[in-house]
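What the coordinates show
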Amino acid sequence: MLNQLNEVSSTMIGIISIALIAIILFIFLIIGFKRGLKSALTNFLIFAVSITLAVLLAKPLLSLFDKMFGFSMVFFNTFMIKFGEYQSLNIQVNSTNYLTAVVNFKNSDIAISSTLKNFLSNVFDNSSVRDGTTTTLGAVASNTISYMVALFVVGFVLFIVIFTLCSFIFRIVFKKFNNSDNKTFKPIGAIINLIEGFILNIVLIITMSSLPVFGLTTDYLANGFESTKVLNEPYQFIINTEQSIYLKTIDFNVVNSKASQSKDNLAYGNYTNSDITDAEFSVSVTITLTDIIENYINNSTHEIGANTYTYILTNNTMYLYKDNKLQGYWKYNFSNNSINYKTTLGGKTITYELK
């Protein structure tokens, strides 16, 4: 899909986006005209209550889910891989060099959209690294976007649930709205529904601008609106406003504290799969405070391999780096001090539990 978007000119994307916005407004206008005033007003009230409650309840409910099973980190690994493609985001940072890394990121010519870069720059400014821990800006960025995705998912589900419940309640309480007078004042009903469609368009724009739905490199909506010279200023106003609201209402310093995890409980030393008698590979991994040394032998061909990585610990996972490039990741089980070793050897995906 991204390749297809890259082949479409920004002007065409802008035209398509404007056309979709117009179509949504037109559909809501026609539906409102057919409904009449009472039905349109009732539906708008349900819509407004649902979206307001969803926005207000999404953050505390996500906080509850995080305490129960860390829901905001569900998408973390996906974005770690995406941001791991950028060397400037893979440099390890601590409380001492964090601010310098942020300044370098702001001044760097990195291949991500200006909208996302501006947002992440502000998030980095509102975040920090805990003393005694190391992380990367990529981990902070991944944590941020994973949190935002989780927030939108929770908000969307809340909206559906609340809208369904409110619709059911309103149908019971306001049965009289279904009488013959429901079709009166059709133009006013159409205007009310048009407002509902307008709000829906804003929500969709906020979603598309906040989340890297079409990848990290390009803000297709921004490019499209700028090329067509239509809706460019409203779009910029919307994204600047919503980013400002995020920064004021979400404590990203607290949210991104998860991007760095203390290694105090990490058992340093050598881990192997020596207890697996029929293993195709004999694997040995040595963990130190700053490095991970990997050695393996193919038990059939006697091929030997070795790698040395720097690493960070976050989300109970060790992310491995070499020359500021993300090489892979291994889950660490603190309950029994073992590594869920997963790599590609000899063209095969190999998974062992190293103890």
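Model, not experiment: these values are computed from the prediction.

Take the overall build of the protein next. The helix and strand tally for the protein stands at 11 helices and 10 strands. By its C-alpha atoms, the protein is 85 × 45 × 40 Å across when sized along the principal axes. Taking all 355 residues of the protein together, 41% fall into the buried category. Surface accessibility of the protein: about 18,800 Å² in total, with carbon and sulfur atoms responsible for 62%. Of the charged side chains in the protein, 24 are positive and 22 negative, and the gap between their average positions amounts to 15 Å.

Once that is clear, we can look at the pairing of strand E4 (residues 281-287). The buried count for E4 comes to five of seven residues, which makes it a mostly enclosed element. By the bridge criterion, seven bridges tie E4 to strand E5 (residues 291-298) in an arrangement that is antiparallel. What sits directly across from Phe281, in E5, is Asn298. In this antiparallel pair of consecutive strands, E4 and E5, the connection spans three residues.

Under the defined criterion, the tally for this structure stands at five salt bridges. Lys355 is the salt-bridge partner of Asp275, the closest N and O atoms lying 4.0 Å from each other. Of the two residues, Asp275 sits in the loop between strand E3 (269-272) and E4 while Lys355 sits in the segment after strand E10 (348-354), which places them 80 residues apart along the sequence. Residue Lys348 is joined to Glu280 by a salt bridge in which the shortest nitrogen-to-oxygen separation is 3.5 Å. In this pair, Lys348 is assigned in strand E10 and Glu280 in the loop between E3 and E4, connecting sequence segments 68 residues apart.

The contact between helix H9 (residues 220-228) and helix H10 (residues 232-249) brings their axes to 8 Å, and the two run at 150°. By the criterion of interaxial angle, the relationship of H9 to H10 is roughly antiparallel. Facing H9, whose interface residues are Leu221, Ala222, Phe225 and Glu226, H10 presents Asn232, Tyr235 and Gln236. Of the residues assigned to the contact of H9 with H10, the class counts are four nonpolar, two polar and one charged.

As a further point, take the nonpolar core. In terms of nonpolar packing, the biggest core is built from 53 residues, with Phe83, Leu120 and Phe124 touching the most fellow members. Mapped by element, the contributors of at least two residues to this core are helix H3 (37-69), helix H4 (76-83), helix H5 (98-107), helix H6 (114-125), helix H7 (137-173), helix H11 (252-255) and strand E7 (317-322). Element by element, the count of residues in this core is highest for H7, at 16 residues. Residues in contact with Phe83, not counting those within four places in the same chain, are Leu89, Asn90, Leu116, Leu120, Gly138, Ala141, Ser142, Ile145 and Leu216. Core analysis: the second largest hydrophobic core is formed by 22 residues, Tyr271, Ile292, Trp330 and Leu345 among them.

Looking at the secondary structure, you find Phe152 in helix H7. By relative accessible area, Phe152 is classed as partly exposed at 23%. Counting along the chain gives 55 residues from Phe152 to Thr207, while the straight-line C-alpha distance between them is 7.9 Å. Other than its neighbours up to four places away in sequence, Phe152 contacts Ile206, Thr207, Ser210, Leu211 and Tyr246.

Below, the discussion takes up the side chain of Thr144. On the secondary structure map, Thr144 appears in helix H7. With relative accessibility at 0%, the residue Thr144 sits in the buried group. Setting aside residues no more than four positions away along its own chain, Thr144 makes contact with Phe119, Val123, Phe252 and Asn256.

This part is about H4. For H4, every residue scored as buried is listed here: Phe76, Phe79, Met80 and Phe83. Down the axis of H4, the buried side of the element spans an arc of 110°, and every buried residue falls inside it. Looking at the buried side of H4, the elements it contacts are H6, H7, strand E6 (304-314), E7 and strand E8 (325-333).

On to the packing of aromatic side chains, then. Scanning the entire structure with this criterion turns up 16 aromatic pairs. For the ring pair Tyr332 and Phe334, a centre distance of 4.8 Å and an interplane angle of 65° mean the geometry is edge-to-face. For Tyr332, a relative accessible area of 4% corresponds to the buried category. An aromatic cluster is built from Phe65, Phe69, Phe71 and Phe75, whose rings are joined through pairwise contacts. Between the NZ or CZ atom of Lys117 and the centre of the ring of Phe105, over which it lies, the distance is 5.7 Å. The ring centre of Tyr311 lies 3.8 Å from the NZ or CZ of Lys263, which sits over that ring.

As a further point, take the sheet that holds E7. For sheets, the rule is that strands pair by backbone hydrogen bonds, running either parallel or antiparallel. One open sheet holds the eight strands; their spatial order is E3-E4-E5-E6-E7-E8-E9-E10, and the pairing between them is antiparallel. Either end of the sheet is taken by a strand with one partner, and the two such strands are E3 and E10. Across the sheet, the mean angle from the axis of one strand to that of its neighbour is 30°, orientation sign disregarded. Here strand E9 (residues 338-345) pairs with E10 via seven bridges, running antiparallel. Its bridge partner lying in E10, Asn340 is registered against Glu353.

Thresholds applied
Residues numbered from 1 in each chain as written. Predicted model: local features only at pLDDT ≥ 70, side-chain atom pairs only at ≥ 80, totals over all residues. Heavy atoms only, no water. Helix = DSSP H or I, 4+ residues; strand = E, 2+ residues; numbered from the N terminus. Buried < 20%, exposed > 50% of the residue type's maximum accessible area, 1.4 Å probe, protein only. Areas by Shrake-Rupley, 256 points an atom, 1.4 Å probe, with all protein chains shown as cover. Lys, Arg positive; Asp, Glu negative; His and termini not counted. Charge placed at Lys NZ, Arg CZ, Asp CG, Glu CD. Pairing = 2+ DSSP bridges. Salt bridge = Lys/Arg side-chain N within 4 Å of Asp/Glu carboxyl O. Axes fitted to C-alpha atoms, helices over the stretch in contact; angles between N-to-C directions. Parallel < 35°, antiparallel > 145°, perpendicular 65-115°, else oblique. Contact = heavy atoms within 4.5 Å. Nonpolar A, V, L, I, M, F, W, Y, C, P; charged D, E, K, R; others polar. Core = buried A, V, L, I, M, F, W, Y, C linked by side-chain atoms within 4.5 Å. Arc of directions from axis to C-beta. Phe/Tyr/Trp six-rings, centres within 6.5 Å; stacked < 30°, edge-to-face > 60°. Lys NZ or Arg CZ within 6 Å of the ring centre and 35° of its normal.

All we've got here are geometric facts, nothing functional implied.
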